[in-house]
Amino acid sequence: MTLNLTHEPIEGEHFTITSESTGDVWEIVVGLEVHCELATVTKLFCGCPNMFGDEPNTNVCPVCLGLPGSLPVLNHQVVELAMRLGRALHCSVEPSVFARKNYFYPDMPKDYQVSQFDRPINVDGWLDLPDGTRVGIERAHIEEDTGKNTHAGGSGRIHGADYSLVDYNRAGVPLVEIVGRPHIRHPEQAKMYIDELRAILLATGASDAKMEEGSLRVDANVSVRRVGDPELGKRCEIKNLNSLRSLGRAIDYEARRQVDLLEEGIAIRQETRHWDEGAGRTRPGRSKEEAEDYRYFQEPDLVPLEPSAEWVAAIDAALPVLPAQRRTILAEAAGVGATESGVVMAVQRGLDGLALAAIDQGGEGRRVLTHVEHNLAVDGAETLDPKHLADLVGLELAGQLTATQAKTVLAEMVSSGSSPAAIATELGFEAMDSSELEAMIDAIIAESPDEWSSFRDADEKRQAKLQGFFVGKVMKVSKGQADGKAVTAILESRRNAPA
Amino acid sequence: MASIPTTAIEIAAAVRSGELSAREVLESHLDAIAAREPEINAFNLVLADEARAAATTIDERVAAGEDPGVLAGVPLALKDNLCTHGIPTTCSSRILEGWRPPYDATVVQRVAAAGAIAIGKTNLDEFAMGSSTENSAFGPTRNPRDISRVPGGSSGGSAAAVAAGFAPISLGSDTGGSIRQPAALCGVVGVKPTYGMVSRYGLVAFASSLDQIGPFSTTVADSALLLEAIAGHDPRDSTSIDSAAPSLLDVLDQGVAGLRIGLVTELMGEGIAPDVAARVRQAAEALAAAGAEIGEVSIPALSYGLSAYYLIAPAEASSNLARYDGVRYGMRVDAATTAEMNAKTRTAGFGEEVKRRIMLGTYALSAGYYDAYYGKALKVRTLIVRDFETAYKDFDLLLTPTSPTTAFRFGEKTSDPLSMYLNDICTIPTNLAGHPAMSVPFGAGSDGMPVGVQLMAPALCEPTMFRAAAVLEHAAPPLEEAFQ
Amino acid sequence: MSAQLTRDDVAKVALLARLELTDDELDTYTGQLAAVIDHAADVAALDLADIPPTAHPLPLVNVLRDDVIRPGADRDEVLSQAPSVEDRRFRVPAILGEEP
Ligand SMILES: [Mg+2]
Ligand SMILES: [Zn+2]
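None of these values were measured; they are calculated from a predicted model.

A. Geometry of the overall build of chain C. Looking only at helices and strands, chain C has four helices and three strands in total. Counted from the first residue to the last, chain C has its helices and strands arranged as α-α-α-β-α-β-β. Here the C-alpha atoms of chain C give a radius of gyration of 22 Å, more than 25% beyond the 13 Å that 2.2 N^0.38 yields for 100 residues. Once the C-alpha set of chain C is aligned to its principal axes, its extents read approximately 50 × 45 × 25 Å. Looking at chain C as a whole, 45% of its 100 residues qualify as buried. A total accessible area of about 5,100 Å² is found for chain C, and carbon and sulfur atoms account for 50% of it. Between the centroid of the 9 positive side chains of chain C and the centroid of its 20 negative side chains there is a distance of 13 Å.

Here it is as structure tokens:
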């Protein structure tokens, strides 16, 4: 049975699935676990280069190969970057210890992973999404990466491969695992979370955060529950999410799969599933050969980590202004809400500095944001004089330039560096005076009496459509020089005038 | 040929002065090996060629007016769990047979830098798990004093090599007594330094929080010399103490006048052979005669030491030995899948005792048992540390037997692991606490076999410990003197 | 014979530790391990609720190294020690289980 399900946002923030057969409304609950490689020069516990794409087994030594007798020594910069990230995520930095997670796997040289278990370095923070949602961060701990298996023979994939080849270049590369709380309710929100986290990773210099190169890896814990149910449902962990697109699709698919089962009265089995991008579905992982029992215990080859209050304070003092804060600052300056797309996009595109400067120079906030969001490429924007942007907005508001003209002038400003006034003059963009415009509109009305009378008598919905007809004509005749707002105002006054 | 002195100090002095060549010193020791090694089996590998080349280099340096170092030309045996670059390092295990490490252990570098000549890799209980060297994949080592008896373990090869005159000094590792107990059973000096004093980098791990490398020698002074050479901070070992090596040779003649030395009640009664206990009392009298104040001290938590140790050490070992999986080095038994290959390799490659401890440790750490066993053992460790702290408020040093008995015969304890484990009862507590301890020969038992007495000291108090050891060495009855 | 340690426990830990045991070995090891675990019953029975664990004998903290490249191992030397190598990588039989 396949249910016919519809998406329906409720309260503007929840993403729900409504079953057409039962009418039940289901809520998606997502928690994300992100592993990101830290941007250090060397590995976590040895002096081998932390480098992507080198010849196999070149960046190795006794320590990261786990050779008998070798011992780990913790990289100072790993702690620094992990704490920077932790503080950027509003975590508290705690005294921490490393533990061994014991399991056999050929890409893991010691057959245990050194990770932080019951005493992680960063705990209990949060991350604010551009849509205003606050997603809790349970922990962000340090651990080591594994090597890389290449499957050979057979299908070339792990299933059915005849054998595998192991490269340990990546073994021992430092990772931070960021465990988010299940506060995400929407596939788009999950993508937003990753985008936001990536921006923070880049801003703090903690990681280059490239999902395509595997330096940022996302696992999604997905469950569903009936809206209003306080209990969380059984979750499945989705792996192999190699892009934001996969992340969104996988959550969407998985949630529907779970609703399907639950509506049929079948319980969800807590399991690991893999996203198959080609087939557009999740599949169960292969069951483990033996029961999981990681036998965690404190790593006796390392000593506890207790960053001093001074170290943490120095990290706080050096933190850059983070995306959420930048949105707040820009929104306040522009006099708009922090979740507005102009604000979000300006920050995401790194143009919030320009927007702030233009507003500071007297540019009206909303119009400045419109240009930054829609009319400005990131390339070249850095050469733009904020004063010129403010002036451009001023000309627009004074009715000297139409929106269309302003866009053209802006493009010219970027390429020539000239002032908007000079460019407008050069391009012959002079404001039509209003009597000229009124005469033009009256002539157009006279040319189309049938359309005009329908426009006058139409209901609201139809009126909007017919208005477009007249605005279009005016724009055509004026060759785009007419100000759209002025045109609608005149049309409105004519329509309301007694016949 | 001039007669070759028996101690490292004398040999180094003669080689440095040009009185003796390193090469002739070496040849005399290689002759000794040729004569008795077949019956003793102290070595997994004798490095005759490498040693000759190294000795020649030392001689050339002396001839050129250089000083090759405090161990110039001294033959030295290395326990075969110390990594030697390009030279097989087996841990007496089939699973590592033929493995040539691509690097040297820090101690191996340090003794070479001090001019010592590595003469061979010595036999041990597989992965240092045992108290008799019977658990070696390459056959047991025999006690040079009586080849029907064990040399102790796990560093049985290193102890026997020194006792048999194959080398004046050797290095071993001590996790629960693996230096001190074979030293006692073979009648030589053996030292377990403070945890963190000697770098563990390149020591194949058994139980990381307990393992410590230390010297064997025929004299207390030679152990002092070797320990000074290998001690000191190593940035490659996170658990290495960040301080300079202690001065030991300089304090050896300072005596024990005024030192307070405690006999540990719990380690003088039940389970300790009467002849061994008698020797310990005799040692206490000797210390008293030299001016020490002797008292008795009770350390109640010691009664839990053995249990705690046999949970903690196997737990760490179960994890440390996971890496022997047939993927990167050592033995592989092929199979259709990696998991099967891992299991078949480990099953064929590890001996019984190693399997026993891996399983014991896996059990102690596994879900549902962690709190009752491993977790409890860590807390007992705290109790032991606290009890030692209390004892050391009243005493500078503690005196105990090293081993409950003298050297036992082959096969006597192999069928009952627990009876073998009970051998470690006197030596384990200092490993749990991280404190230094050493065994000094002190006459023979009723069977004519050597008895060792153990000195224990607070962390970093090796100098005091060595002062008392020197007094005991001086006062020790000759081995040939019958036990009364 | 231990009340706690059973033949099944030993079979389970052998599986976790990747060791294969024959039936006879399973019996022998169960007896031997049970004796050791029985001996440890004194420890297991202690009430140590207020005692902190000592995982390590040293009170050291924050041992860190600079983020500076150090020479590693020679690849050919390392690969020369491997039981099976192909294409400069370590070759292993088919991997069936999932990585956790
Ligand atoms: Mg992890
Ligand atoms: Zn490395």
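B. Just the coordination of the magnesium ion (ligand 1), in detail. Residues and elements named next belong to chain A. Around the magnesium ion (ligand 1), the protein supplies Glu 143 (OE), Glu 143 (OE) and Glu 177 (OE) as donor atoms, at distances of 2.0 to 2.6 Å. With Glu 143 in strand 9 (residues 134–144) and Glu 177 in strand 12 (residues 174–180), this residue pair connects regions lying 34 residues apart in the sequence. Per residue, the accessibility class of Glu 143 equals that of Glu 177, and both read buried.

C. Quick look at the UniProt feature "domain: Amidase" (unreviewed entry) in chain B. As recorded in UniProt, the feature "domain: Amidase" (unreviewed entry) lies at residues 24–464 of chain B. Regarding residues 24–464 of chain B, the helix share stands at 37% and the strand share at 14%, and the terminal C-alpha atoms are separated by 36 Å.

D. How the structure looks around the sheet that holds strand 4 (residues 169–174) of chain B. Residues and elements named next belong to chain B. Read from one edge to the other, the open sheet built from 11 strands follows the order 1-3-2-4-6-5-10-11-9-7-8, with strand pairing classed as mixed. Two strands bound the open sheet, and with one partner strand each, they are strand 1 (43–46) and strand 8 (293–297). With strand direction ignored, the average angle separating the axes of adjacent strands in the sheet is 30°. Inspection of the sheet shows strand 7 (residues 260–264) paired to strand 9 (residues 397–401) by three bridges, in the parallel sense. What sits directly across from Gly 262, in strand 9, is Leu 398. Contacts from helix 5 (residues 156–163) reach strand 1, strand 2 (75–79), strand 3 (117–122), strand 4 and strand 6 (212–217) within the one sheet, and its direction differs from that of strand 4 by about 155°.

E. Seen up close, the pattern of salt bridges. All names here are of chain A. Evaluation of the coordinates by the stated rule reveals 62 salt bridges over all chains. Ionic pairing is found between Glu 144 and Lys 110, a salt bridge with its closest N-O pair at 3.0 Å. Linking Glu 144 in strand 9 with Lys 110 in the loop between strand 6 (99–102) and strand 7 (112–115), this pair joins segments that are 34 residues apart in sequence. There is no split in this pair, since Glu 144 and Lys 110 are both buried.

F. Spatial organisation of the packing of helix 9 (residues 386–397) of chain A against helix 10 (residues 403–416) of chain A. Residues and elements named next belong to chain A. For the pair helix 9 and helix 10, interaxial distance at closest approach is 10 Å and the crossing angle is 160°. Classified by the angle between their axes, helix 9 and helix 10 sit roughly antiparallel to one another. In the packing of helix 9 onto helix 10, the handedness of the crossing is right-handed. Counted together, His 388, Leu 389, Leu 392 and Glu 396 of helix 9 and Ala 403, Ala 406, Val 409, Leu 410 and Met 413 of helix 10 form the full contact between these two elements. Split into classes, the residues belonging to the contact of helix 9 with helix 10 amount to seven nonpolar, one polar and one charged.

G. How the structure looks around the interface of chain A and chain B. Contacts between the two partners involve 30 residues from chain A, matched on the other side by 40 residues from chain B. With both chains or domains summed, chain A and chain B bury close to 2,600 Å², and 58% of this area falls on carbon and sulfur atoms. Residues B:Arg328 and A:Asp111 are paired through a salt bridge, measuring 3.7 Å at the closest nitrogen-oxygen approach. At the junction of chain A and chain B, the tally comes to 17 residue pairs in polar contact (both at pLDDT 80 or more). Partitioned by chemical class, the residues of the side of chain A that touches chain B number 19 nonpolar, four polar and seven charged.

H. Main features of the environment of B:Tyr370. Mapped onto the fold, B:Tyr370 is located in the loop between helix 11 (352–365) and helix 12 (371–394). Classification of B:Tyr370 by relative accessible area gives partly exposed; the value is 25%. Between the C-alpha atom of B:Tyr370 and that of B:Val264, which follows or precedes it by 106 residues, the distance is 31 Å. With sequence-adjacent residues up to four places away left out, B:Tyr370 is seen in contact with A:Tyr296, A:Phe297, B:Ala364, B:Leu365, B:Gly375, B:Lys376 and B:Leu378.

I. How the structure looks around the sheet that holds strand 10 (residues 148–152) of chain A. With respect to topology, four strands assemble into an open sheet ordered 10(A)-11(A)-3(C)-2(C), the strand pairing being antiparallel. Unpaired on one side and paired on the other, strand 10 of chain A together with strand 2 (85–86) of chain C mark the two borders of the sheet. In terms of strand pairing, strand 2 of chain C meets strand 3 (residues 89–93) of chain C through two bridges, oriented antiparallel. Residue pairing in the sheet places C:Glu86 in a bridge with C:Arg89 of strand 3 of chain C.

J. Seen up close, the coordination of the zinc ion (ligand 2). Residues and elements named next belong to chain A. Only Cys 46 (SG), Cys 48 (SG), Cys 61 (SG) and Cys 64 (SG) from the protein reach the zinc ion (ligand 2) as donors, at distances of 2.3 to 2.4 Å. Taken together, the four donor atoms surrounding the zinc ion (ligand 2) define angles of 99 to 116° at the centre, an arrangement classified as tetrahedral. Motif for the zinc ion (ligand 2), donor spacing along one chain: C-x1-C-x12-C-x2-C. Taking relative accessible area as the criterion, Cys 46 reaches 4% and is therefore assigned buried.

Procedures and definitions
- Residues numbered from 1 in each chain as written.
- Chains lettered and ligands numbered in written order.
- Predicted model: local features only at pLDDT ≥ 70, side-chain atom pairs only at ≥ 80, totals over all residues.
- Heavy atoms only, no water.
- Helix = DSSP H or I, 4+ residues; strand = E, 2+ residues; numbered from the N terminus.
- Rg over C-alpha atoms; globule rule 2.2 N^0.38 Å.
- Buried < 20%, exposed > 50% of the residue type's maximum accessible area, 1.4 Å probe, protein only.
- Areas by Shrake-Rupley, 256 points an atom, 1.4 Å probe, with all protein chains shown as cover.
- Lys, Arg positive; Asp, Glu negative; His and termini not counted.
- Charge placed at Lys NZ, Arg CZ, Asp CG, Glu CD.
- Donors = N, O, S within 2.8 Å, 3.2 Å for Na, K, Ca; no water.
- UniProt positions renumbered as here; feature names shortened; annotations may be inferred.
- Pairing = 2+ DSSP bridges.
- Axes fitted to C-alpha atoms, helices over the stretch in contact; angles between N-to-C directions.
- Contact = heavy atoms within 4.5 Å.
- Salt bridge = Lys/Arg side-chain N within 4 Å of Asp/Glu carboxyl O.
- Parallel < 35°, antiparallel > 145°, perpendicular 65-115°, else oblique.
- Left-handed = near helix turned anticlockwise from the far one by under 90°.
- Nonpolar A, V, L, I, M, F, W, Y, C, P; charged D, E, K, R; others polar.
- Buried area = accessible area lost by both parts, 1.4 Å probe.
- Polar contact = N/O pair within 3.5 Å; in protein donor to acceptor, adjacent residues only side chain to side chain.
- Tetrahedral: all angles 85-135°; square planar, octahedral: opposite > 155°, others 65-115°.

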